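Here are the chains, one letter per residue:
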Amino acid sequence: MTILIKNGTAFVNHKFQIRDILIKKGRIARIAKTLPDKADRTIDASGKHVFPGFVDIHVHLRDPGQTYKEDIVSGTRSAARGGFTSLCAMPNTDPVVDNIATVDYIQRRAKDLGSARVYVIGAMTKKSEGKEISEMATMQSGGIVAVSDDGNCVQNAKLMLNCMRYATNFGLPLVIHAEDYNLAGKGQIHGGRIASKLGLSGLSGLAEEVIVSRDIMLAENTGSRLHIAHISTARSIELVRQAKQRGVNVTCEVTPHHLLLTEDACLGFDTNTKMKPPLRPEQDRLACLAALKDGTIDCIATDHAPHADFEKVREFDLAPFGIIGLETAFCALYHHLVKPGLLTLERLAEALTSAPARVLALASAELKSGVPADLNIIDLEASTTFTEESILSKGKNTPWLGQTLSGKVLYTLLEGRITWGD
Ligand SMILES: [Zn+2]
């Protein structure tokens, strides 16, 4: 089966240019200004944009164990609908991914039934309890791409130092969720103006910054590959900026919601504005955007965290933290940042493709001949309305529910197979 994508505005060599793309046996066979119209199927992409398949290095698929929230089938369909072709599954499932059997289960299921390529991140400590180092060596031989206790944070600095030394032996990057529990307390939203106004307990930015600072020092000491998940404060970003200047091997990601929303979104007690780290004040949001532009923040990751209605639709302080993100990510960022001229389409494209792939050393996410045909076709002139009925994730917990955003993913192809579209 050959597919020819005609006349699309394709992101090739870091810029958008009109190109024809020929796909043969699941791979990109040729990219050129014009190719002969001889394929089993031709897709006219005139006036549309063709991106390398998006890569999300921070996804909670909830499988095994919490499949009422999401499973590998629904989670990867949600990814395909959002233009994603590769994702990294976080290990805080039930059981936790701290052993080879669970790594195998996820890989096998994703391969057999999934609509996206799924890379597995293994737990850093057993059951992600922060007490004992996990079986990193066997999981690494089974193909994990990183270790993380995401959702939890190793509180003991000595144990973290040992995790770094051990992971580094096996060439594994460490992805951290930076949160000092004593400083975080029972915080519900960012500890500031809005928390006082609503009478909710606050989560201080310090809880994040203290761990970011600690782990940068530990990574500097051990020479480890450190990646900071969902960075959210101006001071954390400054710490990363300085560390990068010193040559520390550190990278970080930002979520769409920390780029687009502030603590003010919590004013209506909508539990779809409750996540960790919490939405921050405007100056932190602006720092995130500036750092994404100047490269201090390497990439965008959604932290897709589906929950069931019965969990999320309840009193604010009882609702779990987290929102979904795979389907809304591109449209929300395009609508609110690129369209008004606050971010270039090129930087957004990079931050969703080659940059996250580089961060965790995944297969390159670029449009070039010879690589697997992972790509999407997006109509920037059209729009998408996100309703409970249309969202493919089992979780409907998004602050963009009911909204219409610019951009529409028309097709997503994974190794030349159409995973979203007609
Ligand atoms: Zn996290």
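Remember, it's a predicted structure, so these values are computed and weren't measured experimentally.

Definitions and limits used
Residues numbered from 1 in each chain as written. Predicted model: local features only at pLDDT ≥ 70, side-chain atom pairs only at ≥ 80, totals over all residues. Heavy atoms only, no water. Donors = N, O, S within 2.8 Å, 3.2 Å for Na, K, Ca; no water. Helix = DSSP H or I, 4+ residues; strand = E, 2+ residues; numbered from the N terminus. Pairing = 2+ DSSP bridges. Contact = heavy atoms within 4.5 Å. Axes fitted to C-alpha atoms, helices over the stretch in contact; angles between N-to-C directions. Disulfide = S-S within 2.5 Å. Buried < 20%, exposed > 50% of the residue type's maximum accessible area, 1.4 Å probe, protein only. 1 Å grid on protein atoms, 1.4 Å probe; cavity = no way out; pocket = protein on both sides within 12 Å on 5 of 7 lines; lining within 4 Å. Points joined across faces, edges and corners; volume = space filled by probe spheres on them. Nonpolar A, V, L, I, M, F, W, Y, C, P; charged D, E, K, R; others polar. Core = buried A, V, L, I, M, F, W, Y, C linked by side-chain atoms within 4.5 Å. Expected span 1.5 Å × (residues − 1). Polar contact = N/O pair within 3.5 Å; in protein donor to acceptor, adjacent residues only side chain to side chain.

*Asks:* Sorry if this is basic, but what is going on with the coordination of the zinc ion here?
*Replies:* The reference angle at a metal is 109.5 degrees if four donors form a tetrahedron and 90 or 180 degrees if six donors form an octahedron. Donor atoms from the polypeptide that coordinate the zinc ion comprise Asp 150 (OD), His 177 (ND1) and His 230 (NE2), at 2.1 to 2.3 Å from the metal. Read from N- to C-terminus, the donor residues coordinating the zinc ion fall into the pattern D-x26-H-x52-H. Taken together, the residues Asp 150 in the loop between β9 (146-148) and α4 (157-169) and His 177 in the loop between β10 (174-176) and α5 (181-184) connect sequence positions 27 residues apart.

*Asks:* Would you explain the sheet that holds strand β14 (residues 250-254) in this entry?
*Replies:* Think of a sheet as strands paired side by side through backbone hydrogen bonds, with each pair either parallel or antiparallel. The strand order across the open sheet formed by eight strands is β6-β7-β8-β9-β10-β13-β14-β15, and the pairing between neighbours is parallel. Each edge of the sheet is formed by a strand with only one pairing partner; in this case those strands are β6 (54-59) and β15 (299-300). The pairing of strand β13 (residues 226-228) with β14 spans three bridges and is parallel. Following the sheet pairing, His 227 is matched in β14 by Thr 251. Most of the contacts of α4 go to β10, to which it runs at about 145°, and overall it touches β9, β10 and β13.

*Asks:* Hey, could you run me through the state of the cysteines in this one?
*Replies:* Scanning the entire structure with this criterion turns up zero disulfides. Free cysteine: Cys 88, not disulfide-bonded; nearest cysteine sulfur from Cys 299 at 9.7 Å. Owing to a relative accessible area of 0%, Cys 88 belongs among the buried residues under this scheme. As a non-bridged cysteine, Cys 331 has Cys 299 as the owner of its nearest cysteine sulfur, 19 Å distant. A relative accessible area of 2% places Cys 331 in the buried class.

*Asks:* What am I meant to see in empty space enclosed by the protein here?
*Replies:* Rolled over the atoms, a probe sized like a water molecule indicates the empty space that remains. A complete count under the given rule lists three cavities of 30 Å³ or more for this structure. Computed from the structure, the largest cavity encloses a volume of approximately 80 Å³. Here the lining of the largest cavity is composed, by residue class, of five nonpolar, two polar and four charged.

*Asks:* Could you clarify how one ought to interpret unusual backbone geometry in this entry?
*Replies:* For the bond from Asp 94 to Pro 95, the omega torsion is 5°, close enough to zero to count as cis. Structurally, Pro 95 can be placed in the loop between β7 (84-89) and α2 (100-113). Within the chain, Asn 7 stands out as a residue other than glycine whose phi angle is a positive 65°. In this fold, Asn 7 is placed in strand β1 (residues 2-12). One non-glycine residue with positive phi stands out, namely Asp 303, at about 55°. Secondary-structure assignment places Asp 303 in the loop between β15 and α11 (309-312). On the basis of relative accessibility, which here comes to 10%, the residue Asp 303 falls in the buried class.

*Asks:* I tried to follow the nonpolar core on my own but got confused; where do I start?
*Replies:* Across soluble globular proteins, nonpolar side chains have a tendency to be buried as a group. Met 124, Ile 228, Leu 259, Ile 297, Ile 300 and Phe 330 are the most contacted members of the largest nonpolar core, which totals 93 residues. The element that contributes the greatest number of residues to this core is helix α12 (residues 329-338), accounting for eight residues. The contact partners of Ile 297, leaving out residues within four places of it in the chain, are Ile 231, Ile 237, Cys 252, Glu 253, Val 254, Cys 288, Ala 291, Leu 292 and Arg 347. Judged by nonpolar contacts, the second largest core, of 18 residues, contains Ile 57, Met 90, Ala 146 and Leu 362.

*Asks:* Even after reading the chapter, I still don't get helix α7 (residues 205-222), so can you show me in this structure?
*Replies:* Because each turn of an α-helix spans 3.6 residues, side chains separated by three or four positions end up pointing in the same direction. With 18 residues, α7 extends 26 Å from end C-alpha to end C-alpha; this agrees with the ideal 26 Å at 1.5 Å per step. Within α7, the full set of buried residues consists of Gly 205, Ala 207, Glu 208, Glu 209, Ile 211, Val 212, Arg 214, Asp 215, Ile 216, Leu 218, Ala 219 and Thr 222. Capping of α7 at its N-terminal end is provided by Ser 204; its side-chain oxygen lies 2.8 Å from the backbone amide nitrogen of Leu 206. Immediately downstream of α7, the backbone of Gly 223 shows phi near 70°, a positive value.

*Asks:* How should the layout of surface pockets be read in this particular structure?
*Replies:* In this model, the largest pocket occupies a volume close to 420 Å³. Along its surface, the largest pocket is lined by 20 residues, and Arg 62, Asn 92, Gly 151, His 177 and Phe 321 are the ones closest to its centre. The residue makeup of the lining of the largest pocket, split by class, is five nonpolar, 10 polar and five charged. Considered as a void within the structure, the second largest pocket measures approximately 280 Å³ in volume. If you go around the second largest pocket, you meet 13 residues; those closest to its centre are Ala 110, Lys 111, Ala 116, Arg 117 and Val 118. Sorting the residues of the lining of the second largest pocket by element identifies α2 and β8 (117-122) as the ones contributing at least two each. Per-element tally for the lining of the second largest pocket: the top contributor is β8, with four residues.

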